[in-house]
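# Breakdown of the fold
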Amino acid sequence: MTEPVLKVEGLKKYFESTSGGAFSKKKVVVQAVDGIDLEVFPGQTLGLVGESGCGKTTVGRTILKLYEPTDGKIIFQGQDITRLSRKKMKPLRSQMQMIFQDPFASLNPRQTVGALIGSTFDIQEITPAGGVMKEVQRLMERVGLNPEHYNRYPHEFSGGQRQRIGVARAIALKPKLIVADEPVSALDVSIQAQVVNLLEDLQQEFDMAYLFVAHDLSVVQHISDRVVVMYLGKVMEEADKADLFSKPRHPYTKALLSAVPVPDPVKGRARERIILQGDLPSPVNPPSGCVFHTRCWKVQDKCHTDVPQLLELSPRHRVACHFPEPA
Amino acid sequence: MKPFLEVKNLFVSFPTEDGVVRASDDISFTVARGETLAVVGESGSGKSVTSLAVMGLHNRKSTNISGQAILNLPTGPVDTISAAPEVVRKLRGKAMAMIFQDPMSALHPYYTIGDQITEAWQLYNDGSKADGIKRAVELLDLVGIPSASKRVKEFPHQFSGGMRQRVMIAMALVNNPSLLIADEPTTALDVTIQSQILQLLRDMQKEFNMAVILITHDLGVVAEVADRVCVMYAGKIVEQSNIDEVYYRPDHPYTIGLLNSIPRVDSIEGRRLLAIPGQPPSLISLPPGCSFRPRCTFSSLVPNKRCAIDVPDLDEKNSAHFSRCFLTEPQLVQLRTPTGVQS
């Protein structure tokens, strides 16, 4: 069996902040990620979905050590990187890259595209065959940009093109793992498909693993091999794509899927919808027992007190629920 | 009976240093009470500009505008484009109301929710502030905000995104408007909250028998709530018909392309997305002929490259189904089947 590129065990990330305004001394702890296990395999895509505030972005960033993990283990290509220093992380960074959501904020407006993509080589002190400029232009062409635009600045490009710059920068050093945080959600519908297709092609070409973080279930469903559903810092359900989307067993996943609008009027009208009441509770003060019990449509007494464990209910299908849906 | 809103040949453009931006180019549509019209398009397609012009919320100094937007009021028709600003102001909030994408920037951070709704109510009702607050509580209750009498005293930042959108809807409904324009009302929300808000909009439409214009880029949302659809591209309506026609028998290459390019949660087989190539054009320098031609996969089928020179008219290809394309109906029928759109 192949080894996972990335293995995460019991990952926790808590943020401390003050409550009640800037001058308050009272400390509160935001439990953004609260004990998560993940495995990402070479050449595969693990989709990480959930609503805003569920901790999915924090998971992505903590895995890349952009945040110091509070607890748990991050094992990258067999090496425990949980407590590695910045300095020791640096050589590993060529192997693990990130694509950000906002193609406007994530590119330095004062650098040309050539410098933006080329700096990845400088930082790692790598000289590609044929020189940096030639390699950058080759990358630009690969991601569908005109290599003649080497000296242009980010503002001269559209949103979709900028996201291509972000993609070129991420793949420049042929990483083994890319964390893509909402890479297409800022793009127009007709451009989203272009970038999704590009990401799929590059994955095949370079045998990269993706951790694809997104809230849009349609996109995650399209691109992922396996999917993890998060809610309030915890994993609710994890399964292979086809299994999760055709037979969701956690009431939250089921409600989430039923809420996704389908671009098909007849199906849309006929669909049974589970409308969840209320909002996501605050991660500062998560509900007792099952964190989903405040909004769950199947809630019973037990859910208020006992935390459900993430159990493998059928092969490769893990669910954290006291009363899962039948298989 | 005439539909409540009739927009006729609306042109909106902005002169800028780089040239004239043609944001709405010959837009015509109608919406009746009790009906939902979805205006679909990507950013820059002119969908928001059109609705702002109808509401009279455009900047009169920097905007060139022509055409008509007629509200058929019980007291007689009023054209909001040619009417004086004071007249249009008296219609806003009562005859027509609007909700915006981002409730945080549309609500005033310094005033309580109750004060803001009361202000809107007092514009058209003689009553004390206490009466206004009472009405505000009523509406907050109606839009599903729990413990409304307590929350009416709170400020916008104390509400979650979904709750703020409910507040916006409550405020828009306070004077029983006949027309509600919702500009991307659920785009900033999570899906579970989105489905709550869409349900609420449907319920409120029934309750008040409103004409609703829903502006969105999300073809899933459109399929759930719309009766009729206008598809916009580069400032023009390229296709217009009832919902089932547009989804099952799309008659414009752009609509066909859009429907093929979106991933769908209801089909698990891993088909590659058929992306529309290229970028939407700049509204300052539109290509000659059909604006969609540079990205159109089917343009080679048009005889004599006509779409490179002439702008196609919005023709009725089928009964009440309009499309702005030189291809004939039999040609379009062939194009939509092999690419996977259901027939």
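Since this is a predicted model, take the numbers as computed values, not measurements.

## What about the overall build of chain A?
- When helices and strands are tallied, chain A shows 11 helices and 12 strands.
- In terms of overall size, chain A behaves like a compact globule, its C-alpha atoms giving a radius of gyration of 21 Å where 327 residues would be expected to give roughly 20 Å.
- Overall, chain A is about 65 × 55 × 50 Å in size when its C-alpha atoms are taken along their principal axes.
- When each of the 327 residues of chain A is scored for burial, the buried share is 46%.
- Residue pairs at least 24 apart in sequence account for 64% of intrachain contacts in chain A once pairs closer than 6 positions are excluded.

## Describing the domain arrangement of chain B
All names here are of chain B.
- Here chain B is partitioned into domain 1 (5–226) and domain 2 (233–336).
- In this structure, domain 1 and domain 2 have C-alpha centres spaced 29 Å apart.
- On the side of domain 2, 16 residues touch domain 1, which itself brings 19 residues to the contact.
- Contributing elements (two or more residues each) for the side of domain 1 that touches domain 2: β2 (19–31) and α9 (219–225).
- In terms of residue count, the dominant contributor to the side of domain 1 that touches domain 2 is β2 (10 residues).

## Details of the domain arrangement of chain A
All names here are of chain A.
- Partitioning chain A into domains gives domain 1 (6–224) and domain 2 (248–327).
- Domain 1 and domain 2 are separated by 28 Å when their C-alpha centres are compared.
- Of the residues lining the interface, eight residues belong to domain 1; the matching set on domain 2 comes to seven residues.
- Taken together, the elements giving at least two residues each to the side of domain 1 that touches domain 2 come down to β2 (27–40) and α7 (217–223).
- It is β2 that contributes the most residues to the side of domain 1 that touches domain 2, four residues altogether.
- Taken together, the residues of the side of domain 1 that touches domain 2 sort by class into four nonpolar, three polar and one charged.

## Here we look at the sheet that holds strand β6 (residues 96–99) of chain B
Residues and elements named next belong to chain B.
- An order of β6-β7-β8-β3-β9-β10-β12-β11 is seen for the eight strands of this open sheet, with the pairing classed as mixed. Whereas interior strands pair on both sides, the edge strands pair on one side only; in this sheet they are β6 and β11 (315–318). The sheet shows a mean angle of 20° between the axes of neighbouring strands, direction not considered.
- As judged from the six bridges shared by strand β9 (residues 228–233) and strand β10 (residues 236–242), these two strands associate in the antiparallel manner. Note that in β10 the partner of Val229 across the bridge is Ser241.
- Across the sheet, helix α7 (residues 161–173) lies against β6 and β7 (179–183), angled at about 170° from β6, the strand it touches most.

## Concerning the sheet that holds strand β12 (residues 317–319) of chain A
Residue and element names in this part refer to chain A.
- With mixed pairing, the eight strands of this open sheet are ordered in space as β6-β7-β8-β3-β9-β10-β12-β11. For this open sheet the edge positions go to β6 (96–99) and β11 (311–314), each flanked by a neighbour on one side alone. Shown here is a sheet whose adjacent strand axes are inclined to one another by a mean of 25°, direction ignored.
- Relative to strand β10 (residues 234–240), strand β9 (residues 226–231) is paired through six bridges, and the arrangement is antiparallel.

## Quick look at the interface of chain A and chain B
- On the side of chain B, 37 residues touch chain A, which itself brings 36 residues to the contact.
- Elements represented by at least two residues in the side of chain A that touches chain B include exactly α6 (189–206), α7, α8 (241–246), α9 (251–259) and α10 (265–270) of chain A.

## Notes on the environment of Pro253(B)
Residues and elements named next belong to chain B.
- Secondary-structure assignment places Pro253 in helix α11 (residues 253–261).
- Along the backbone, Pro253 and Leu198 are 55 residues apart, and their C-alpha atoms lie at a distance of 29 Å.
- Apart from the residues lying within four places of it in its own chain, the contact partners of Pro253 are Phe292, Cys296, Thr297, Phe298 and Cys325.

## As for the nonpolar core
- Among the nonpolar cores identified, the biggest contains 187 residues, and Leu177(A), Leu211(A), Phe212(A), Ala170(B), Leu179(B) and Val231(B) are the most heavily contacted of them.
- Looking at this core element by element, the count peaks at eight residues for α7(B).
- Residues in contact with Phe212(A), not counting those within four places in the same chain, are Thr45(A), Leu46(A), Gly47(A), Leu48(A), Ala180(A), Val220(A), Ile223(A) and Ser224(A).

## Points about the packing of helix α4 (residues 113–122) of chain B against helix α5 (residues 129–142) of chain B
All names here are of chain B.
- Packing of α4 against α5 leaves a shortest axis separation of 8 Å and a crossing angle of 110°. With respect to α5, the axis of α4 lies roughly perpendicular. Between α4, through Gly114, Ile117, Thr118, Trp121 and Gln122, and α5, the contact on the second element is made entirely by Lys129, Gly132, Ile133, Arg135, Ala136 and Leu139.

## Remarks on α9(A)
- Counting buried positions along α9(A) yields seven of nine residues, so the element is predominantly enclosed.
- Buried within α9(A) we find Pro251(A), Tyr252(A), Thr253(A), Ala255(A), Leu256(A), Leu257(A) and Ala259(A).
- Those residues of α9(A) hidden inside the fold are in contact with α7, β9, β10 and α8 of chain A together with α8 (191–208) of chain B.

Reading the values: rules and limits
- The residue numbering used here restarts from 1 in each chain and proceeds along that chain's sequence as written.
- Chain A is the first chain written and ligand 1 is the first ligand written, with later ones labelled in order.
- A pLDDT threshold of at least 70 governs which residues receive local features in this predicted model, and a stricter bar of 80 or more applies before side-chain atom pairs are shown or counted, although totals over entire chains, interfaces and linings include all residues.
- The numbering of helices and of strands both runs from the N terminus, where a helix is a DSSP run of H or I of at least 4 residues and a strand a run of E of at least 2.
- In this description the radius of gyration comes from C-alpha coordinates, and the expected globular size is given by 2.2 Å times residues to the power 0.38.
- Buried means a residue has 20 or more other C-beta atoms within 10 Å of its own C-beta, exposed means 12 or fewer, and partly exposed covers the counts in between; C-beta atoms are placed from the backbone.
- A residue pair is marked as a contact if its C-beta atoms, positioned from the backbone, fall within 7 Å.
- Segment limits for the domains were obtained from an automatic or database-derived domain assignment.
- Charged means Asp, Glu, Lys or Arg here, nonpolar means Ala, Val, Leu, Ile, Met, Phe, Trp, Tyr, Cys or Pro, and polar covers whatever is left, Gly included.
- DSSP bridges decide pairing: two strands pair if at least two such bridges lie between them.
- Axis angles are defined between N-to-C directions and span 0 to 180 degrees, where every axis is a line fitted to C-alpha atoms and, for a helix, only to the segment in contact.
- Among buried residues, those of type Ala, Val, Leu, Ile, Met, Phe, Trp, Tyr and Cys that are joined through C-beta atoms within 7 Å form a set called a nonpolar core.
- Each angle is binned into one of four classes, with values under 35 degrees roughly parallel, values over 145 roughly antiparallel, values of 65 to 115 roughly perpendicular, and all other values oblique.

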